[in-house]
Amino acid sequence: MKNKTITKKIVSGKYKNKILKLPSKSTTRTSKAIVLESFFNTIQFEIIDATFVELFSGSGSIGLEALSRGAKRIIFMERDHDALKILRENIAQTDPSLCEVYSGDTFVNIKSVVKSLQRSGEAAYFYIDPPFSIREGMEDIYDKMIDMIASLPKECVKLIIIEHMSTLVIPNEIGVFSIKKSKKFGNTTLTYLENE
């Protein structure tokens, strides 16, 4: 039997009700609707005309929701081949001219993204939703993520949001960034970091 395509809708804004495809559960995890809603309620006005970077973006549902709600430029970062194909199809439903896709290893590509932000003199929102470390081959992903965050230049960052397993303890300070707040949704937690 052929797998049914899993989809979700853009919740609000310019592209409300546009249907986004989701990659298979084996390659990526989708952010729960309640997590998404809480996140966008938190930053709904700040995101207008902002640059938004979605790391480990999968289907791109967070970045495209941000675009729909008024962000001016979205940068997607994803390495999985199947997820990238779906991501590009989803972007085509919105405004591809406002979207950039960096394919390949996020930990390598982050340097190019930072350079691009520095060239344009922009600070961005960084939404980081790495594969859970319980996945095979991902055991050190959180350590790498912490190192990556510590390496981000503060002038390029408005806010860092990490979607992570609730069992993971995020250090109160990572480089020049410190935890502003954390919100738990069962097994998933959103942690917000900013540079004071």
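Look a little higher up for the structure.
Model, not experiment: these values are computed from the prediction. (Residues numbered from 1 in each chain as written. Predicted model: local features only at pLDDT ≥ 70, side-chain atom pairs only at ≥ 80, totals over all residues. Heavy atoms only, no water.)

Time to look at the sheet that holds strand β8 (residues 173-174). Strand order in the open sheet formed by eight strands is β5-β4-β3-β6-β7-β10-β9-β8, and the pairing between neighbours is mixed. Either end of the sheet is taken by a strand with one partner, and the two such strands are β5 (99-103) and β8. Bridging between strand β3 (residues 51-55) and strand β4 (residues 73-78) involves five bridges; their strand directions are parallel. Across the sheet, the residue bridging to Leu55 is Met77, located in β4. Relative to the sheet, helix α2 (residues 61-68) contacts β3, β4, β5 and β6 (124-128), its axis offset from that of β3 by approximately 165°. (Pairing = 2+ DSSP bridges. Helix = DSSP H or I, 4+ residues; strand = E, 2+ residues; numbered from the N terminus. Contact = heavy atoms within 4.5 Å. Axes fitted to C-alpha atoms, helices over the stretch in contact; angles between N-to-C directions.)

Once that is clear, we can look at the pattern of salt bridges. For the structure shown, the criterion picks out six salt bridges. In this structure, Glu122 engages Lys72 in a salt bridge whose closest nitrogen and oxygen atoms are separated by 3.4 Å. Taken together, the residues span a long stretch of sequence, with Glu122 in the loop between α4 (106-120) and β6 and Lys72 in the loop between α2 and β4 at a distance of 50 residues. Judged by its relative accessible area of 12%, Glu122 is buried. Looking at Lys72, the relative accessible area reads 41%, which means it is partly exposed. Three or more residues are tied together by salt bridges with common partners; here these are Lys72, Arg73, Glu100 and Glu122. (Salt bridge = Lys/Arg side-chain N within 4 Å of Asp/Glu carboxyl O. Buried < 20%, exposed > 50% of the residue type's maximum accessible area, 1.4 Å probe, protein only.)

Turning to the packing of aromatic side chains, a few remarks are in order. Throughout the structure, instances matching the rule amount to six aromatic pairs. Arranged with centres 6.2 Å apart and planes meeting at 55°, the rings of Phe39 and Phe52 form a pair that is tilted. Placement of the pair is Phe39 in helix α1 (residues 33-43) and Phe52 in strand β3, with a sequence separation of 13 residues. When sorted by exposure, Phe39 lands in the same class as Phe52, which is buried. Between Phe39 and Tyr127, the ring centres sit 4.9 Å apart and the planes meet at 65°, which makes this aromatic pair edge-to-face. Remark: Tyr127 occurs in strand β6 and Phe39 occurs in helix α1; sequence separation between them is 88 residues. Taken together, the aromatic side chains of Phe39, Phe40, Phe52, Tyr127 and Tyr192 make up a single cluster linked through ring pairs. Above the face of the Tyr192 ring, Lys181 is positioned so that its terminal group lies 5.0 Å from the ring centre. (Phe/Tyr/Trp six-rings, centres within 6.5 Å; stacked < 30°, edge-to-face > 60°. Lys NZ or Arg CZ within 6 Å of the ring centre and 35° of its normal.)

When you line up the elements, Leu117 lands in helix α4. Under the relative-accessibility criterion, Leu117 is labelled buried at 0%. Residues Leu117 and Val157 lie 40 residues apart in sequence; the distance between their C-alpha atoms is 9.3 Å. The contact partners of Leu117, leaving out residues within four places of it in the chain, are Thr51, Arg73, Ile75, Glu122, Ala124, Phe126 and Cys156.

The next thing to look at is unusual backbone geometry. For residues besides glycine, phi is generally negative; the peptide bonds are generally trans as well. A positive phi angle is found at Asn17, which is not glycine, with a value near 75°. For Asn17, the location among the structural elements is in the loop between β1 (6-9) and β2 (19-22). Of note, Asp49 is a non-glycine position whose phi angle comes to about 65°, a positive value. On the accessibility criterion, Asp49 (55% relative accessible area) is exposed.

Along the polypeptide, Pro171 turns up in the loop between β7 (157-165) and β8. Remark: the alpha-carbon pair of Pro171 and Ile146, spanning 25 residues in sequence, is separated by 8.6 Å. Apart from residues no more than four positions distant in its own chain, Pro171 is found in contact with Ile146 and Ile179.

A regular strand carries its side chains on alternate faces of the sheet. The element β4 is extensively covered by neighbouring structure, given that six of its six residues are classed as buried. Here β4 shows two buried faces, one formed by Arg73, Ile75 and Met77 and the other by Ile74, Phe76 and Glu78. With α2 bridging β3 and its parallel neighbour β4, the resulting β-α-β unit is right-handed. Relative to β5, β4 is paired through five bridges, and the arrangement is parallel. Across the sheet, the residue bridging to Met77 is Tyr102, located in β5. (Right-handed = clockwise from strand over helix to strand, strands pointing away.)

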